[in-house]
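Letter by letter, the chains look like this.
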Amino acid sequence: MNNRLIIFDTTLRDGEQSPGASMTREEKVRIARQLEKLRVDVIEAGFAAASQGDFEAIRAIATAVREPVVCSLARANDRDLSRAAEALEPAARKRIHTFIATSPLHMQVKLRMSPEQVLEQAKLAIRFARNFTDDIEFSPEDGSRSEEDFLCRVLENVIAEGATTINFPDTVGYAVPELYGETIRRLRERIPNSDKAVWSVHCHNDLGLAVANSLAGVMIGGARQVECTINGLGERAGNTALEEVVMALRTRGGYFNLECGIDTTQIVPASKMVSQITGFAVQPNKAVVGANAFAHASGIHQDGILKARETYEIMRAEDVGWTANKIVLGKLSGRNAFKQRLQELGIELDSEAEINAAFTRFKELADRKAEIFDEDIMALVSGEEAAAGGEHYRLVSLAQRSETGELPFATVVFSIDGVEHSAVATGDGPVDAMVNAIESKAQSGAELVLFSINGISPGTQSQGEVTMRLAHSGRIVNGVGADPDIVVASAKAYLAGLNKLHSKIEKLNPQV
Ligand SMILES: CC(=O)SCCNC(=O)CCNC(=O)[C@H](O)C(C)(C)COP(=O)(O)OP(=O)(O)OC[C@H]1O[C@@H](n2cnc3c(N)ncnc32)[C@H](O)[C@@H]1OP(=O)(O)O
Ligand SMILES: CC(C)C(=O)C(=O)O
Ligand SMILES: [Mg+2]
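Residues numbered from 1 in each chain as written. Chains lettered and ligands numbered in written order. Predicted model: local features only at pLDDT ≥ 70, side-chain atom pairs only at ≥ 80, totals over all residues.

> So what's going on with the overall build of the protein chain? Which residues, and what values?
Looking only at helices and strands, one finds 17 helices and 14 strands in the protein chain. Relative to a compact globule of 512 residues, whose C-alpha radius of gyration would be 24 Å, the protein chain shows 24 Å and is just as compact. Counting only C-alpha atoms and orienting by the principal axes, one finds that the protein chain spans roughly 70 × 65 × 45 Å. The buried share of the protein chain, taken over its 512 residues, is 48%. If you take every contact in the protein chain between residues at least 6 apart in sequence, the share linking residues at least 24 apart comes to 67%. (Helix = DSSP H or I, 4+ residues; strand = E, 2+ residues; numbered from the N terminus. Rg over C-alpha atoms; globule rule 2.2 N^0.38 Å. Buried ≥ 20, exposed ≤ 12 C-beta atoms within 10 Å, placed from the backbone. Contact = placed C-beta atoms within 7 Å.)

In structure tokens form, the structure reads like this:
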């Protein structure tokens, strides 16, 4: 049997289905470029029919990357399929992924269709998709709760119509490894034309079993494509984590005897980029990409590591892209060292002018902070990109005062479309006071639905990275800001969120 495992990344589609993880087109293109460096085989770039923004992001990705296959999801109907095909037009290699639910519950309650209608619609969808490409993936949504006999009929028919990949989704994370793997094995055995398609696994992590289920689907079921996301980002509890699957294959090569094309040294840069863009912090004890994944605190372990690393480490940190920074960046560093680090972090700025502007901000930060870490640079560059994209709101200065027993207050000077405003307000804390001050002038109507702070580099002189999730008119965005002063970081995050909301909803509500 073929021992090449196809890595299908769906960070930009299923990952974005995480509430609050929505990304701008530019952010998606940055991630797609990093996924290309990581050498994933397929990038599911979005769901073209979902919105004009998703459509344009897929088109931009289809233009920006050349090596991976670029894919769009589509419901099993002509409109979605045509939109997907149109968005994918510029792609060097394209795939349409269409799906329809096959479980009794989904068919009866959600689709309100009989099994015969679902079967017919699935066949029609593949037939229609063939007008645009030969690379067609089909998913029987909620597959793990579907009846096996019905699945056999549907899958045999869609393969006969031309589906080249059959993905078996555990949509709600209900599967357990052995049963999931066995089901795929039986389906492949029972469906006469099953060997005309590549079989694929797509698992959700509701019971914390997504990676285990995916690996069982591969080892027991014979699947040769894994659908996964960076950091396990995804709907509800997330999807299969790419880094865990890839490093399991690599570390336990003798057991799996499978190969994939991933450049593992790009894993940590990809993880950091996704975390930074979405504002979803990676938990420190997360396998492979967590800050503690290669850290040792206890004496016996430290002693063992010093004698032989293998005593307590099954992977090498460098192999997954953790860098032991040999060049420490600080205020005495020059442009070349800065550019080199940007390159190592997979950050591509479009022009020399953007690099210069980022370098100026780097120097400003270095004046306030002795050592600049990778996370500082990523935060700084993302601020730069926001600026390049045109800011409606911009922070000019901030002063705040908080004292035990006194009501905190903040004075914020910020500009709206280049016009400066100064506002003073009190609040429950300095951050609350800052938001109240901004809102007294901006009157955005945005609701703050999440506020999180991370120290993004070690020590008390660390930059605080703040994520503020704002909601307005059914849109949810994340604003991210970083600064050694966490109230300033919060103000930057809040204004970044307002800028994102502004660009999304200005047509609906011009005064925002
Ligand atoms: C398991 C998954 O991850 S599936 C992917 C989930 N991702 C998303 O839903 C994100 C993108 N979605 C969207 O932007 C919107 O839901 C859209 C544009 C696709 C559709 O929007 P709307 O037309 O307003 O429909 P809405 O979302 O309210 O309902 C979904 C409709 O699609 C139907 N539908 C659901 N799945 C499918 C399918 N695979 N094939 C055909 N029709 C389907 C539903 O039955 C429902 O139809 P109804 O309006 O006749 O009841
Ligand atoms: C669209 C399909 C593959 C999906 O994301 C799921 O079922 O979880
Ligand atoms: Mg899914």
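> Before we move on, could you go through the site of ligand 2 and cite the residues and values that matter?
Taken together, Asp14, Leu73, Phe99, Ser139, Glu141, Asn167, Pro169, Thr171, His202 and His204 form the complete shell of residues around ligand 2. Of all the secondary-structure elements, those providing two or more residues to the shell around ligand 2 are β5 (136-141) and β6 (165-170). A breakdown of the residues in the shell around ligand 2 according to their chemical character gives three nonpolar, five polar and two charged. (Near = placed C-beta within 6 Å. Nonpolar A, V, L, I, M, F, W, Y, C, P; charged D, E, K, R; others polar.)

> For the nonpolar core, give the residues involved together with the corresponding values.
In this structure, Ile7, Ile43, Ala45, Ile61, Val70 and Val245 are the most contacted members of the largest nonpolar core, which totals 101 residues. Grouped together as the second largest cluster of nonpolar side chains are 44 residues, Leu345, Leu380, Val477 and Ala491 included. (Core = buried A, V, L, I, M, F, W, Y, C linked by C-beta atoms within 7 Å.)

> Describe the packing of helix α1 (residues 25-38) against helix α11 (residues 267-278), listing the residues and the values that go with them.
Contact pair α1 / α11: the axes reach a minimum separation of 9 Å and the direction vectors enclose 165°. On the basis of the axis angle, α1 is roughly antiparallel to α11. Here the hand of the crossing between α1 and α11 comes out left-handed. Of the residues in α11, those in contact with Glu27, Arg30, Ile31, Gln34, Leu35 and Leu38 of α1 are Ile267, Pro269, Ala270, Met273, Val274 and Ile277. Broken down by class, the residue content of the contact of α1 with α11 amounts to nine nonpolar, one polar and two charged. (Axes fitted to C-alpha atoms, helices over the stretch in contact; angles between N-to-C directions. Parallel < 35°, antiparallel > 145°, perpendicular 65-115°, else oblique. Left-handed = near helix turned anticlockwise from the far one by under 90°.)

> Account for the site of ligand 1, with residues named and values stated.
In the region of ligand 1, 15 residues are neighbours, and Ala50, Arg75, Ala76, Ile100 and Leu111 sit closest. The set of elements that each furnish at least two residues to the shell around ligand 1 consists of β4 (94-101) and α4 (104-111). Residues that form the shell around ligand 1 fall into these classes: seven nonpolar, three polar and five charged.

> For the domain arrangement of the protein chain, give the residues involved together with the corresponding values.
One can read the domain layout of the protein chain as domain 1 (6-278), domain 2 (294-324), domain 3 (335-386) and domain 4 (390-505). Taken residue by residue, the interface counts nine residues in domain 1 and nine residues in domain 3. Residues of the side of domain 1 that touches domain 3, tallied by class, amount to two nonpolar, three polar and four charged. (Domains from an automatic or database assignment.)

> I'd like a description of unusual backbone geometry, backed by residues and values.
Despite not being glycine, Asn257 shows a phi value in the positive range, around 50°. Within the secondary structure, Asn257 is located in the loop between α10 (253-256) and α11. At Gln443, a residue that is not glycine, the phi angle is positive and equals roughly 45°. Inspection of the secondary structure assignment puts Gln443 in the loop between α16 (430-442) and β12 (447-455).

> Give me the environment of Ser452: which residues, what numbers.
Structurally, Ser452 can be placed in strand β12. Along the chain, Ser452 and Met468 lie 16 residues apart, while their C-alpha atoms are 6.7 Å from each other. Ser452 has contacts with Ala281 and Thr467, leaving out every residue within four places of it along the chain.

> Can you lay out the UniProt feature "binding site: Mn(2+)" (unreviewed entry) in the protein chain for me, pointing to particular residues and giving the numbers?
UniProt records the feature "binding site: Mn(2+)" (unreviewed entry) at Asp14, His202, His204 and Asn239, using the numbering of this structure. These annotated residues cover 226 residues of sequence, and their C-alpha atoms lie no more than 10.3 Å from one another, placing them together at a single site. Within the secondary structure layout, His202 lies in strand β7 (residues 198-203). Within the fold, Asn239 resides in the loop between β8 (225-228) and α9 (242-251). For Asn239, a count of 31 C-beta atoms within 10 Å corresponds to the buried category. (UniProt positions renumbered as here; feature names shortened; annotations may be inferred.)

> Explain the sheet that holds strand β9 (residues 393-401) residue by residue, including any values.
Strand order across the open sheet formed by three strands is β9-β10-β11, with antiparallel pairing between neighbours. Two strands in the sheet have a free side with no partner beyond their single neighbour: β9 and β11 (419-426). Within this sheet the neighbouring strands show an average axis-to-axis angle of 15°, counted without direction. Judged from the eight bridges that link them, β9 and strand β10 (residues 409-416) form a sheet pairing that is antiparallel. Note that in β10 the partner of Ala399 across the bridge is Thr411. (Pairing = 2+ DSSP bridges.)

> Outline the sheet that holds strand β3 (residues 69-75), supporting the account with residue identities and numerical values.
The sheet built from eight strands closes into a barrel, its strands ordered β1-β2-β3-β4-β5-β6-β7-β8 with parallel pairing. In this sheet, neighbouring strand axes are inclined to one another by 25° on average, regardless of whether the strands run parallel or antiparallel. One ladder, built from four bridges, connects strand β1 (residues 6-9) with β8; its direction is parallel. From the neighbouring strand, Asp9 faces β8, where its bridge partner is Cys228. Lying over the sheet, helix α8 (residues 210-219) contacts β6, β7 and β8, oriented at roughly 165° with respect to β7.

> Describe the pairing of strand β2 (residues 42-47), with residues and values.
Regular strands show a simple pattern: their side chains alternate between the two faces of the sheet. For β2, the tally of buried residues reaches six of six residues, placing the bulk of the element in the interior. Sheet analysis places β1 next to β2, joined by two bridges and oriented parallel. Directly across from Phe8, in β2, lies its bridge partner Val42. The pairing of β2 with β3 spans five bridges and is classified as parallel. Directly across from Val42, in β3, lies its bridge partner Val69. Handedness of the β-α-β unit built from β2, helix α2 (residues 52-64) and β3 comes out right-handed. (Right-handed = clockwise from strand over helix to strand, strands pointing away.)

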